[in-house]
Amino acid sequence: PLDLVNTSSTDPDSMAFEWEEIGEATEWHIVAVQQGGNPDTCSTGMTVYDENAVMQLMGGQAYDVYVRSICGSGDSSSWTGPVTVIPGLYLMGTSGHDTLRTCRGVICDSGGPNGSYGMSEDFTLYIFPGSPDSILVISGTSYTEGSFYYIRIYDGIGTGGTQVWNDY
């Protein structure tokens, strides 16, 4: 197979993938390993019978996804991939505001999860739990450069709530 792509990125519970078959295979094996893992030693995966798949993955975990053709008689092609995915990934904009309801989400500035941080951003994100009766737990790491970024967390809606965390 060629051109393995992630066709969904913000769902915290599952990811969808597509690829192009260049041979005549009618079934494929697709695996998701922890980022940096070896697809040959992966004990989880699935066999699919068309050129797309939906995998149930844990939100907030980075995975490398691979696919290979099953060529008959127990033979398989080489792995295609990896495509690195983080289910539930949300990239903030460079300006403005947004509202996010999430469960097991990963929030990054516009530079993404690989440390290519954005610059001169002015963005406000309102975060709510995935369901109204859930508790919102926020954890993570703030990479800072002196006074360039300000992260403030309020309990309540907007800045009218009680500030519970402040970092810059």
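As the structure is a prediction and not an experimental result, all values here were calculated from the model.

Scoring rules and cut-offs
Residues numbered from 1 in each chain as written. Predicted model: local features only at pLDDT ≥ 70, side-chain atom pairs only at ≥ 80, totals over all residues. Heavy atoms only, no water. Helix = DSSP H or I, 4+ residues; strand = E, 2+ residues; numbered from the N terminus. Core = buried A, V, L, I, M, F, W, Y, C linked by side-chain atoms within 4.5 Å. Buried < 20%, exposed > 50% of the residue type's maximum accessible area, 1.4 Å probe, protein only. 1 Å grid on protein atoms, 1.4 Å probe; cavity = no way out; pocket = protein on both sides within 12 Å on 5 of 7 lines; lining within 4 Å. Points joined across faces, edges and corners; volume = space filled by probe spheres on them. Nonpolar A, V, L, I, M, F, W, Y, C, P; charged D, E, K, R; others polar. Salt bridge = Lys/Arg side-chain N within 4 Å of Asp/Glu carboxyl O.

**Remarks on unusual backbone geometry**
A cis amide bond links Gly 81 with the next residue in sequence, Pro 82, at an omega value of 5°. Within the element layout of this structure, Pro 82 appears in strand S8 (residues 80–85). Located in the positive-phi region is Asp 3, a residue other than glycine, with phi close to 55°. Of note, Asp 3 is situated in strand S1 (residues 2–6).

**Some details on the nonpolar core**
Among the nonpolar cores identified, the biggest contains 17 residues, and Phe 17, Trp 19, Ile 30, Val 65 and Val 85 are the most heavily contacted of them. Contributing elements (two or more residues each) for this core: strand S2 (14–20), strand S3 (28–34), strand S5 (52–56), strand S6 (63–72) and S8. Counting five residues, the second largest nonpolar core, distinct from the first, contains Ala 62, Ile 86, Leu 89 and Cys 108.

**A look at the layout of surface pockets**
If you add up the space inside the second largest pocket, you get close to 160 Å³. Lining the second largest pocket are eleven residues, with Thr 84, Val 85, Ile 86, Leu 89 and Pro 113 positioned closest to its centre. The residue makeup of the lining of the second largest pocket, split by class, is six nonpolar, five polar and no charged.

**Section: the pattern of salt bridges**
This structure, assessed with the given rule, holds one salt bridge. Here Arg 68 and Asp 40 are joined by a salt bridge, their closest N and O atoms 3.9 Å apart. With Arg 68 in strand S6 and Asp 40 in the loop between S3 and strand S4 (46–48), this pair connects stretches of sequence that are 28 residues apart.

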